[in-house]
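# Descriptive analysis of the structure
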There are 2 protein chains.
Amino acid sequence: MVKFIYRPGNNNGDCSSFVGFPLVRNISELQQDSYGIGGLSHITVAGSLLLGLKEVEAWLETFAPGSRTPIHRHSCEEVFVVLKGSGTLYLASSAHKSPGKPEEHFISPNSTFHIPVNDVHQVWNSNAHEDLQVLVIISRPPVKVFIYSDWSMPHTAAKLKFPIFWDEQCFEEPLHDEL
Amino acid sequence: MVKFIYRPGNNNGDCSSFVGFPLVRNISELQQDSYGIGGLSHITVAGSLLLGLKEVEAWLETFAPGSRTPIHRHSCEEVFVVLKGSGTLYLASSAHKSPGKPEEHFISPNSTFHIPVNDVHQVWNSNAHEDLQVLVIISRPPVKVFIYSDWSMPHTAAKLKFPIFWDEQCFEEPLHDEL
């Protein structure tokens, strides 16, 4: 069994203690990165790894035209608020063996929606001319995400990505439990 | 003992079932009210009473110049993102018998901050010329708030306000438990 231990980080990505971290921070001065995902800008606005939060986490994410999240699910609650741009939310239930053809929902500025726990979803900037910017709220951080290669993949075949891309640098080396 | 039971509501304030509630909603079309608090506009963007969320809740709140929250505390986590305007965050720890003189923090657009669990706080639009608009995220809804009349009031004297103003209409009549 592999265990991950995480340690609080700061906004410079060096994961030192959050003691002394300023209480009021300017989001535009926080760490922003694509984490290797084309077209993505991710900022952890308030995070479990950054600030020691245990129950909620907030992200500011910007998707360039054509870019999107992976098809994925997680067992936490998630709320989106669309700040800029427009796009498409794809959503499928977890009630069957695989997600199947998802519902499509148009999203635009001032849209808000939540993802039912464990429903499979993808957010896609389907607007060719404008960035899509969303504020994302999740419960029970750090998030454990299961990623699908397509909508026909069985739920049991979805691949766990933990820690998620932007949490990786603040995790200690995994401990190998001999038991 | 008094028990509160809540029932899911919709965005018209009539607290009917959220079955059939649209998944993607426009925030500007959601219920907005002052709930009797001068200078406040509150919108529950995603809520436990509105949508059945159990772990997170999001509010959009606008404070007219000079208006503010009560001095209060709660045992959930809370994250703020300042969207417009500026103001002052007052914050005091819960480590002593009463809050005492609070720290003062200036907040402005793009500011984010979180309130440590049970710390006593107040957000004040101290800008005479502009509304202050914040997105507020809380964990473990529905929130139970303890309100202080001033910063010298002992923590034990702070008054429980539950359900909070905007949750009242979605609570059933309290049940009186004969035991």
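Residues numbered from 1 in each chain as written. Chains lettered and ligands numbered in written order. Predicted model: local features only at pLDDT ≥ 70, side-chain atom pairs only at ≥ 80, totals over all residues. Heavy atoms only, no water.

## Some words on the overall build of chain A
Looking only at helices and strands, chain A features one helix and 14 strands. In chain A, which comprises 179 residues, the proportion classed as buried is 53%. Long-range contacts, defined as pairs at least 24 residues apart, comprise 69% of the intrachain contacts of chain A with a sequence gap of at least 6. A total of about 8,400 Å² of accessible surface is found on chain A, and carbon and sulfur atoms cover 54% of it. (Helix = DSSP H or I, 4+ residues; strand = E, 2+ residues; numbered from the N terminus. Buried < 20%, exposed > 50% of the residue type's maximum accessible area, 1.4 Å probe, protein only. Contact = heavy atoms within 4.5 Å. Areas by Shrake-Rupley, 256 points an atom, 1.4 Å probe, with all protein chains shown as cover.)

## Things to note about the interface of chain A and chain B
Taken together, the contact pairs 34 residues of chain A with 34 residues of chain B. Between chain A and chain B we count two salt bridges in total. For Glu 55 of chain B, the salt bridge goes to Arg 140 of chain A, with nearest N and O atoms at 3.0 Å. Where chain A touches chain B, the interface holds 14 residue pairs in polar contact (both at pLDDT 80 or more). Counting residues per element, the ones that place at least two in the side of chain A that touches chain B are strand 2 (25-26), strand 3 (40-46), strand 4 (56-63), strand 6 (78-84), strand 7 (87-92), strand 8 (103-107), strand 9 (111-115) and strand 11 (132-139) of chain A. Its residues assigned to classes, the side of chain A that touches chain B shows 21 nonpolar, eight polar and five charged. (Salt bridge = Lys/Arg side-chain N within 4 Å of Asp/Glu carboxyl O. Polar contact = N/O pair within 3.5 Å; in protein donor to acceptor, adjacent residues only side chain to side chain. Nonpolar A, V, L, I, M, F, W, Y, C, P; charged D, E, K, R; others polar.)

## Regarding the confidence of the model for chain A
Residue and element names in this part refer to chain A. Of all residues in chain A, 84% have pLDDT values of 70 or greater, and the mean over the chain is 88. Below pLDDT 50 for its whole length, residues 1-14 participates in 52 contacts with residues either more than four positions away or in separate chains. Among the scores for the predicted complex, ipTM is 0.87 and pTM is 0.88. (pLDDT = per-residue confidence, 0-100.)

## Overview of the layout of surface pockets
The calculated volume of the largest pocket comes to roughly 430 Å³. Leu 60, Leu 83 and Gln 133 of chain A together with Val 81 and Leu 83 of chain B are the residues nearest the centre of the largest pocket, which is lined by 28 residues in total. Of all the elements in the fold, those that place two or more residues in the lining of the largest pocket are strand 3, strand 4, strand 6 and strand 11 of chain A together with strand 6 (78-84) of chain B. Residue composition of the lining of the largest pocket, by class: 16 nonpolar, ten polar and two charged. (1 Å grid on protein atoms, 1.4 Å probe; cavity = no way out; pocket = protein on both sides within 12 Å on 5 of 7 lines; lining within 4 Å. Points joined across faces, edges and corners; volume = space filled by probe spheres on them.)

## Digging into the relation of the copies chain A and chain B
Of the transformation superimposing chain A on chain B, the axial component is 0.0 Å and the angular component is 180°, with the fit at an RMSD of 0.0 Å. The transformation relating the two chain copies, once decomposed into turn and shift, fits a two-fold axis. A shared interface surface links the copies, since 100% of the contact residues of chain A are contact residues in chain B too. (Least-squares fit on C-alpha atoms with pLDDT ≥ 70 in both.)

## Observations regarding the environment of Ile 43 of chain B
All names here are of chain B. Here Ile 43 lies in strand 3 (residues 40-46). The buried category is assigned to Ile 43, whose relative accessible area is 5%. A sequence separation of 17 residues divides Ile 43 from Leu 60, and the C-alpha atoms of the two residues are 5.1 Å apart. Once residues lying within four places of it in the same chain are set aside, the contact partners of Ile 43 are Ile 27, Leu 30, Gln 31, Gln 32, Ala 58, Trp 59 and Leu 60.

## Observations concerning the sheet that holds strand 9 (residues 111-115) of chain B
Read across the open sheet, the six strands follow the order 2(A)-9(B)-6(B)-11(B)-4(B)-3(B); overall the sheet is antiparallel. Every interior strand has two partners, whereas the edge strands, strand 2 of chain A together with strand 3 of chain B, have only one. Where strand 6 of chain B meets strand 11 (residues 132-139) of chain B, six bridges bridge the pair, whose relative direction is antiparallel. Within strand 11 of chain B, the position partnered with Val 82 of chain B by the bridge is Val 134 of chain B. (Pairing = 2+ DSSP bridges.)

## Remarks on the pattern of salt bridges
Within the structure shown, the criterion is met by four salt bridges over all chains. A salt bridge links Glu 168 of chain A to Lys 161 of chain A; its shortest N-O distance comes to 2.6 Å.

## As for the sheet that holds strand 6 of chain A
Across the sheet, which stays open at both edges, the six strands sit in the order 3(A)-4(A)-11(A)-6(A)-9(A)-2(B) with antiparallel pairing between neighbours. Looking at which strands have only one partner, the edges of the open sheet turn out to be strand 3 of chain A together with strand 2 (25-26) of chain B.

## Points about the environment of Val 123 of chain A
Turning to its location among the elements, Val 123 of chain A is positioned in strand 10 (residues 120-124). Given a relative accessible area of 1%, Val 123 of chain A falls into the buried group.

## Here we look at the nonpolar core
Of all hydrophobic cores here, the largest spans 32 residues; its most connected members are Val 45 of chain A together with Val 45 of chain B. Discounting residues that sit within four places of it in the chain, Val 45 of chain A has contacts with Arg 25, Ile 27, Leu 30, Ala 58, Trp 59, Leu 60 and Leu 135 of chain A together with Val 81 and Thr 112 of chain B. Phe 113, Ile 115 and Ile 138 of chain A together with Leu 23 of chain B belong to the second-largest nonpolar core, a separate cluster that totals 23 residues. (Core = buried A, V, L, I, M, F, W, Y, C linked by side-chain atoms within 4.5 Å.)

## Regarding the packing of aromatic side chains
Residues and elements named next belong to chain B. If you walk through the whole model with that rule in mind, you get ten aromatic pairs over all chains. Taking 4.7 Å as the distance between ring centres and 15° as the angle between the ring planes, the aromatic pair formed by Phe 80 and Phe 113 counts as stacked. Placement of the pair is Phe 80 in strand 6 and Phe 113 in strand 9, with a sequence separation of 33 residues. Residue classification places Phe 80 among the buried positions, given a relative accessible area of 3%. (Phe/Tyr/Trp six-rings, centres within 6.5 Å; stacked < 30°, edge-to-face > 60°.)

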